[in-house]
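Okay, here's what each chain looks like letter by letter:
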Amino acid sequence: MCGIVGYVGTRQAAPILLDGLSRLEYRGYDSAGIAVRDEENEHVEVVKAKGRLKNLMEMTDSGHAVRGTCGVGHTRWATHGEPSTINAHPHYSREKRVVVVHNGIIENYQDIKDMLVRKGYAFRTQTDTEAAALLLDSYYTEAGKKGLGPRERALDAIRNMMIRVRGSYALGILFGDQPGVMYATRKDSPLIIGRCDGEMRGHMIASDVPAVLSYTRNVVYIDNLEIACLTQEEMRVYNIDCEQIDKAFVEIKWDAASAEKDGYEHFMIKEIHEQPRAVRDTLSPRIKEREDGQKCLDLSELELPDEELAGVSRVYLIGCGSAYHVGTAARTVIERLAHIPCEVDLASEFRYRDPILEPRGLVIIISQSGETADSLAALRLCRERGMRTLAIVNVVGSSIAREADAVMYTWAGPEISVATTKAYSTQLAAIYLIATKLAAVRGQISPEREQQLIEDMLALPDKIERVLSDKERVQWYANKMAACKDVFFIGRGLDHAISLEGSLKLKEISYIHSEAYAAGELKHGTISLIEDGVLVVGVATQPDLFEKVVSNMVEVRSRGAYLFGLTTYGQYAIEDTVNFTVYVPRTEPLFATSLAVVPLQLLAYYISCAKGLDVDKPRNLAKSVTVE
Ligand code: AGP
């Protein structure tokens, strides 16, 4: 949700800002803008454009036309106020005394606006952000009367603004009368600082690491309610009491190339192809070989003693979107293997349902970005209630990773496409590890079964590779089906969890209406929607439910549905019922989700391509949902 970049240093700022923003466009892309302080003419130049970043690039000759070495930039995902040039960030006060870019939501902006209007401030936009900019201006004016120096005055204004506003924010701030200084602060929206050395000496701020990776690998994570003051030479960080605090730089191990398309047409298809590597990287460091040649799980990174895991009375699985779908699959895997009752919740529902939590329960929060507002709020609620929390997260150092008691990182690498693929697959892999560990410490599986499960996990990357090798068939089929209007995905048990994900993938990038149903539930209402030519994707990877799903497919076929069957090699009887079949390799049935999801990702991808849509940046969506 919105991307922020800032730079202060020796080089021209605008090209760096635009380059950084191009790596953050996945966070929002309905308008963009930059503000750069032109030292020669002593004013702040603001340029904004509606639509994709390329419009702003064209207006500014990729930034070269905007002078100055200190500036902030923003790519927007609209919350308050329609996508338009006027509502695009940066927002600023009279004579650009205060200029801000913002990611998040100022919840009490209307109160603040009313108060500022009474004081004589005029508002130009419909955004909540303008309230923060003008509030800062008002506090900056008051601080000026206290006889403070420039830095103390800015800190005082920022601190008072932080106390006054409710909601979430990451802010990049320039004060018109402070050349060569950039401020930043955050609460519940991500923001990092990068230190640049050599000929572009200085500092950057950004919503996410890829924006700074071409310039530096040394970053600092700004924590909630901290304020950074940055110049070419100096980085100072303060707490909300304006006391200076020490912050350590972290070295980012992955490089800028990991966030490039690498010859693929889209990030999504690149990331689909990265799944074997990503799953292998997530599994292998946690599987060790003992002296007797047997394999065992090493989850010592979680710092959860075996006795504690053995005593877990219930598992709460919480996430949003695809991460929730992983939770849905995880419920079956954990219940079947470890015999622990599980509950799965959408984070946005969980936080408001006043959940009853068992003291010996384990909460598992699943999130690729580690910044999803609802998931973070659910995590905090659980921690407030004294629950043990474990996060499955992809982005190192993200808020959820830092706030949970334990974290299991998925090693998917940076995921740029809005539609998740490799992060989803690595989350599943993390769940298999945790479920098998829980089962083993509770004595629910024999050592032989544990060995077999580990072998089956380790075989998954090669099997995903095999599924990918059949992608042309899916592509051919997708081209045929690109014009369809409604698609239903049906399955039972784990196949229902796969259906949920397949349906979401299709709707988010192809804009085709689709729904996922538990196959047995169709006849309780939804089957009335089935008519001639409606595409139904039947997922039937679970041997014990195969015949049941096929029966449900027969029911829709007799009402005119056109059938796509997805099952495992060997289940050839499905061909008697369906019009088109895709087979995936056999595996432990509890792990079949990892294979069956791949053709559904490909189906969505190729349909989106056939329709000529923007695969990586679908309309209305953003990669990281940092607002409620
Ligand atoms: C999936 O393709 C979506 N982009 C979306 O549903 C996503 O999974 C959801 O917003 C959760 O994000 P998170 O994993 O970063 O918390």
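Everything numeric here is computed off the predicted structure, so don't read it as measured data.

The rules behind the values
Residues numbered from 1 in each chain as written. Predicted model: local features only at pLDDT ≥ 70, side-chain atom pairs only at ≥ 80, totals over all residues. Heavy atoms only, no water. Pairing = 2+ DSSP bridges. Helix = DSSP H or I, 4+ residues; strand = E, 2+ residues; numbered from the N terminus. Axes fitted to C-alpha atoms, helices over the stretch in contact; angles between N-to-C directions. Near = heavy atom within 4 Å. Polar contact = N/O pair within 3.5 Å; in protein donor to acceptor, adjacent residues only side chain to side chain. Areas by Shrake-Rupley, 256 points an atom, 1.4 Å probe, with all protein chains shown as cover. Contact = heavy atoms within 4.5 Å.

## Considerations on the sheet that holds strand S26 (residues 562-568)
As summarised here, the arrangement of the five strands in space is S24-S23-S25-S26-S27, forming an open sheet in which the pairing is parallel. The two strands at the open ends of the sheet, each matched to only one other strand, are strand S24 (513-518) and strand S27 (580-584). Along the sheet, successive strands turn relative to each other by an average axial angle of 15°, direction set aside. As judged from the six bridges shared by strand S23 (residues 486-491) and S24, these two strands associate in the parallel manner. For Asp-486, the partnering residue across the bridge sits in S24 and is His-513.

## Description of the site of the ligand
In the region of the ligand, 14 residues are neighbours, and Ser-367, Gln-368, Ser-369, Thr-372 and Glu-508 sit closest. Between an oxygen atom of the ligand and a main-chain N or O atom of Thr-420, the distance comes to 2.9 Å. The side chain of Glu-508 places a nitrogen or oxygen atom 2.4 Å from an oxygen atom of the ligand. Burial of the ligand by the protein amounts to 91% of the accessible area it has alone, namely 410 Å².

## Brief notes about the sheet that holds strand S14 (residues 244-245)
The pairing of strands in a sheet happens through backbone hydrogen bonds and is either parallel or antiparallel. With respect to topology, seven strands assemble into an open sheet ordered S5-S6-S7-S8-S12-S13-S14, the strand pairing being antiparallel. Each edge of the open sheet carries a strand with a single partner, namely strand S5 (91-92) and S14. Relative to the sheet, helix H4 (residues 129-144) contacts S5, strand S6 (98-106) and strand S7 (167-175), its axis offset from that of S6 by approximately 130°.

## With respect to unusual backbone geometry
Comment: phi is negative for the bulk of residues other than glycine, and the bulk of peptide bonds are trans. With an omega dihedral of 0°, the bond running from His-89 to Pro-90 counts as a cis peptide bond. Among the secondary structure elements, Pro-90 is positioned in the loop between strand S4 (70-76) and S5. Residue Asp-354 is not a glycine yet carries a positive backbone phi of 45°. Here Asp-354 shows up in the loop between helix H10 (347-350) and strand S20 (361-367).

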